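Inside the fold
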Amino acid sequence: MSEGGAAPGGGAAPGGGGVVGSDGGAIGSDGGAIGLMRGTALAGRTALVTGGARGLGEAYVRALHGAGANVIVADLLDEAGAALADELGERARSVRLDVTDEAEWEAAVAASVDAFGSLDVLVNNAGIANSAPIEHFTTAKWDAVIAVNLTGTFFGCRAVTPVMKAAGGGSIINISSVEGLRGSPGLHGYTAAKFGVRGLTKSLAVELGPFGIRVNSVHPGLILTDMTTRIDPERIDIPLGRPGVPDDVAGTIVFLASDAARFTSGGEFVVDGGMITGIPHK
């Protein structure tokens, strides 16, 4: 499951969607045209991306790989994850990961270290979304979205911390949403979870900073994937004049994974084209 934007604010949905570059073409294995996303900025480092087989997660995997990192495609979509890793070659592996399963987290971290000797970057991207008016929002809906989007992120942060402490540092990148900064009707569990991811990021940044581990959150807005095709961009006021594409967010992920962000921790990185900056108008 990968963040893809089923919610108007760049929410999450299983699978995400197609991966396109900012010029409208596909993001290649070189990570696109952004300078930091090419070459050796992350050479020798290993990054694990949850929900990495499709959608935004795939864009993050490709961008990190294009910047020189070893990449772990962690997803429930076994065949898609394996196909992506095979395409990228010797610096890529795939692992099955249900982010709500503590044992699978431990296995994924161990597999990453076994394959490449370290785990330096974690991108907590996997997520789902559901929606209903509050009087019809069932406990099952609530539990499902909290388990994946918040508890799954917590499990991931906890699982990688010992490895990163032993290595003397690392970068944890938690994918929240603009819904982690505001409210939207019907998205009660999703909004609560994304606010929770934002808060968890803050507490971890304070606790883990002395160990050289940076923790930041990323808040995408409306990003075009297969799962956002039902949302009409014309109904959303985006100052930059268009919805985002996965490559627009992937550059921020590579930045936060790299030494260019070495003094950045506890931050909130909004990637929404200015969508939540202004006052909404009817």
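Each value, and the rule that gives it
Residues numbered from 1 in each chain as written. Predicted model: local features only at pLDDT ≥ 70, side-chain atom pairs only at ≥ 80, totals over all residues. Heavy atoms only, no water. Phe/Tyr/Trp six-rings, centres within 6.5 Å; stacked < 30°, edge-to-face > 60°. Lys NZ or Arg CZ within 6 Å of the ring centre and 35° of its normal. Salt bridge = Lys/Arg side-chain N within 4 Å of Asp/Glu carboxyl O. Helix = DSSP H or I, 4+ residues; strand = E, 2+ residues; numbered from the N terminus. Buried < 20%, exposed > 50% of the residue type's maximum accessible area, 1.4 Å probe, protein only. Pairing = 2+ DSSP bridges. Axes fitted to C-alpha atoms, helices over the stretch in contact; angles between N-to-C directions. Contact = heavy atoms within 4.5 Å. Right-handed = clockwise from strand over helix to strand, strands pointing away.

**Things to note about the packing of aromatic side chains**
Enumeration according to the criterion identifies two aromatic pairs in this entry. Relative to F155, the ring of F154 has its centre 5.8 Å away and its plane inclined at 45 degrees; by these criteria the two rings are tilted. Geometry around F211 places K165 over its ring, the cationic atom sitting 4.2 Å from the centre.

**What to know about the pattern of salt bridges**
Taken as a whole, this structure holds ten salt bridges when the rule is applied. In this structure, R45 engages D259 in a salt bridge whose closest nitrogen and oxygen atoms are separated by 2.8 Å. With R45 in the loop between β2 (12-13) and β3 (46-50) and D259 in the loop between α6 (246-257) and β9 (268-271), this pair connects stretches of sequence that are 214 residues apart. For D259, a relative accessible area of 43% gives the class partly exposed. Linking E268 and K202 is a salt bridge whose minimum nitrogen-to-oxygen distance equals 3.0 Å. Here K202 lies in helix α5 (residues 188-208) and E268 lies in strand β9, a separation of 66 residues in the sequence.

**What to know about the sheet that holds β3**
Read across the open sheet, the seven strands follow the order β5-β4-β3-β6-β7-β8-β9; overall the sheet is parallel. Strand pairing shows two members of the sheet lacking a second neighbour, β5 (92-96) and β9, which therefore form its edges. Between one strand axis and the next, the sheet turns through 20 degrees on average, direction left out of account. Bridge count between strand β6 (residues 121-124) and strand β7 (residues 170-175): four bridges; the pairing is parallel. Looking at the pairing, L122 lines up with I172 of β7. Seen against the sheet, helix α2 (residues 78-88) touches β4 (70-75) and β5 and runs at an angle of roughly 170 degrees to β5.

**Looking at the environment of A92**
For A92, the location among the structural elements is in strand β5. Take A92: its relative accessible area is 5%, and that puts it in the buried class. For A92 and A47, which are 45 residues apart along the polypeptide, the C-alpha to C-alpha distance reads 9.6 Å. Residues contacting A92, with those up to four places away along its chain left out, are V71, A85 and F116.

**Some points on the pairing of β5**
Bridging between β4 and β5 involves five bridges; their strand directions are parallel. In the sheet register, D75 faces β5, and the bridge partner there is R96. One crossover worth recording links β4 to the parallel β5 by way of α2, and it is right-handed.

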